Amino acid sequence: MNGSLLEVSAVSVTFDGFKAINRLSFSIGPTELRAIIGPNGAGKTTFMDIVTGKTRPDEGQVLWGEELTRNLVGMDEARIARAGIGRKFQRPTVFEDQTVFANLLMAHKNNRSPLAVLFYKPKRQDIAAVETLAARIGLAEQIRRKAGELSHGQKQWLEIGMLLAQDPKLLLVDEPAAGMTLGERERTADLLKEAAKTRAVVVVEHDMEFVRRLGCKVTVFHEGSMLAEGSLDHVTRNQDVIDVYLGR
Ligand SMILES: Nc1ncnc2c1ncn2[C@@H]1O[C@H](COP(=O)(O)OP(=O)(O)OP(=O)(O)O)[C@@H](O)[C@H]1O
């Protein structure tokens, strides 16, 4: 065991002659929280697309598992999701007409059809698991409300909860703090920190105040490669990082 759960090594992707990812290497441990920052077009989304199987790299490996024995390159998105990689996109995608409880139950049963849940009678242990999860994501009091009535921040937590219900080993989260109030950002940071105690969590984020709140190692992407890595203070003192952010 070498301490990594995911190891991306020397991965490249070219779109119409443009190298969006250029010999990128990245690794994360099994219970680690990591923030990825970088200017627009640095390759952050493409990186997540590669890990989740949406985009196939032209070269390189994406090794996965506690012994890093599986190469995810060439596996389809559904298989990668089943292998334990969950992804949260920027916009919440919850079932607005269903309650918080029904949304979480659906995810807990790993059944994406709202109709199936309608005709399914949950067992007592499923109800207890969903209630525990609702409390974990700060929505215990909203459990009977329809998801469509929640605030933007609460919808984001609900979706994080739906992903946690499936117990992924790695959770990829795209700009969770966007559009949130300060209070919601604080709670989101706490939720992600808590989640990373039992799994790996990668957060792509532009909001530096939020990244500071996460208090984790930061990886800076630039032009499809890793430019710097370390604490937020360490990377923001790095001259290359300063130049990139100032556009020099
Ligand atoms: N399907 C595609 N076809 C062509 N070019 C693409 C495609 N996907 C991404 N790109 C290009 O690859 C580069 C990296 O894009 P990517 O979206 O990964 O960056 P990013 O770091 O996520 O940026 P942002 O912070 O703006 O979301 C960009 O120049 C983008 O225009």
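What you see is a predicted model; the values in this text were computed from it and never measured. (Residues numbered from 1 in each chain as written. Predicted model: local features only at pLDDT ≥ 70, side-chain atom pairs only at ≥ 80, totals over all residues.)

1. Describing the overall build of the chain
- Broken down by element type, the chain carries 10 helices and 10 strands.
- Taken over the C-alpha trace, the chain has a radius of gyration of 19 Å; the compact-globule value for 248 residues is 18 Å, and the two agree within 12%.
- Expressed along its principal axes, the backbone C-alpha trace of the chain runs to roughly 55 × 40 × 35 Å.
- By residue count, 42% of the 248 residues in the chain fall in the buried class.
- The long-range share in the chain, meaning contacts at least 24 apart out of those at least 6 apart in sequence, stands at 65%. (Helix = DSSP H or I, 4+ residues; strand = E, 2+ residues; numbered from the N terminus. Rg over C-alpha atoms; globule rule 2.2 N^0.38 Å. Buried ≥ 20, exposed ≤ 12 C-beta atoms within 10 Å, placed from the backbone. Contact = placed C-beta atoms within 7 Å.)

2. Topic: the sheet that holds strand β6 (residues 85-88)
- Spatially, β6-β7-β8-β3-β9-β10 is the arrangement adopted by the 6 strands of the open sheet, whose pairing is mixed. Both outer strands of the open sheet, β6 and β10 (225-230), are each paired with one neighbouring strand and no more. Here the average twist between neighbouring strands, direction ignored, is 20 degrees.
- In terms of strand pairing, strand β9 (residues 217-222) meets β10 through 5 bridges, oriented antiparallel. When the bridges of β10 are listed, Val218 appears paired with Gly230.
- In this fold helix α1 (residues 44-51) packs onto β3 (33-37), β6, β7 (170-174), β8 (200-204) and β9, with an angle of close to 150 degrees to the strand it touches most, β7.
- On the sheet, helix α7 (residues 182-195) packs against β3, β7 and β8 and is oriented at approximately 145 degrees with respect to β8. (Pairing = 2+ DSSP bridges. Axes fitted to C-alpha atoms, helices over the stretch in contact; angles between N-to-C directions.)

3. Regarding α1
- Of all 8 residues in α1, 7 are buried, a share of seventy percent or more.
- Among the residues making up α1, those that are buried are Lys44, Thr46, Phe47, Met48, Asp49, Ile50 and Val51.
- Looking one or two places after α1, you find Gly53, whose phi comes out positive at around 85 degrees.

4. With respect to the site of the ligand
- Neighbouring the ligand are Phe15, Asp16, Phe18, Ala20, Gly38, Asn40, Gly41, Ala42, Gly43, Lys44, Thr45 and Thr46.
- Breaking the shell around the ligand down by element, the ones donating at least two residues are β2 (18-28) and α1.
- Looking at the shell around the ligand, the element that brings in the most residues is α1, giving 3 residues.
- Looking at side-chain class alone, the shell around the ligand contains 4 nonpolar, 6 polar and 2 charged residues. (Near = placed C-beta within 6 Å. Nonpolar A, V, L, I, M, F, W, Y, C, P; charged D, E, K, R; others polar.)

5. Structural notes on the domain arrangement of the chain
- For the chain, the assigned domains read domain 1 (1-84 + 169-248) and domain 2 (93-167).
- Taken together, the contacts link 10 residues of domain 1 with 9 residues of domain 2.
- At 5 residues, the largest contribution of residues to the side of domain 1 that touches domain 2 is made by α7. (Domains from an automatic or database assignment.)

6. Quick look at helix α6 (residues 152-165)
- Its 14 residues place the ends of α6 20 Å apart at the C-alpha level, agreeing with the 20 Å of an ideal helix rising 1.5 Å per residue.
- Counting buried positions along α6 yields 12 of 14 residues, so the element is predominantly enclosed.
- Those residues of α6 lying buried are Gly153, Gln154, Lys155, Gln156, Trp157, Leu158, Glu159, Ile160, Gly161, Met162, Leu164 and Ala165.
- The inward-facing, buried residues of α6 contact β6, α3 (100-108), α5 (124-136) and α7.
- Asp167 sits one or two positions beyond α6 and adopts a positive phi of about 50 degrees. (Expected span 1.5 Å × (residues − 1).)

7. What to know about the sheet that holds β2
- With antiparallel pairing, 4 strands are arranged side by side in an open sheet as β2-β1-β4-β5. Of all strands in the sheet, those with a lone pairing partner are β2 and β5 (70-71), marking the two edges.
- Along the sheet, α1 makes contact with β1 (6-15), β2 and β4 (59-64), crossing β2 at roughly 65 degrees.

8. Quick word on the pairing of β2
- Where β1 lies against β2, 7 bridges are found, and the strand directions are antiparallel. Across the sheet, the residue bridging to Val13 is Ile21, located in β2.
- The loop that links β1 with its antiparallel partner β2 comprises 2 residues; one of these, Asp16, has a positive phi angle of about 45 degrees.

9. A short note on the packing of α6 against α7
- In contact at an axis separation of 10 Å, α6 and α7 are set at 10 degrees when each is read in the N-to-C sense. One way to sum up the angle between α6 and α7 is to call them roughly parallel. Contact with α6, carried on its side by Gly153, Gln156, Trp157, Ile160 and Leu164, involves Glu184, Thr188, Leu191 and Ala195 of α7 and no other residues of that element.
- Partitioned by chemical class, the residues of the contact of α6 with α7 number 5 nonpolar, 3 polar and 1 charged. (Parallel < 35°, antiparallel > 145°, perpendicular 65-115°, else oblique.)

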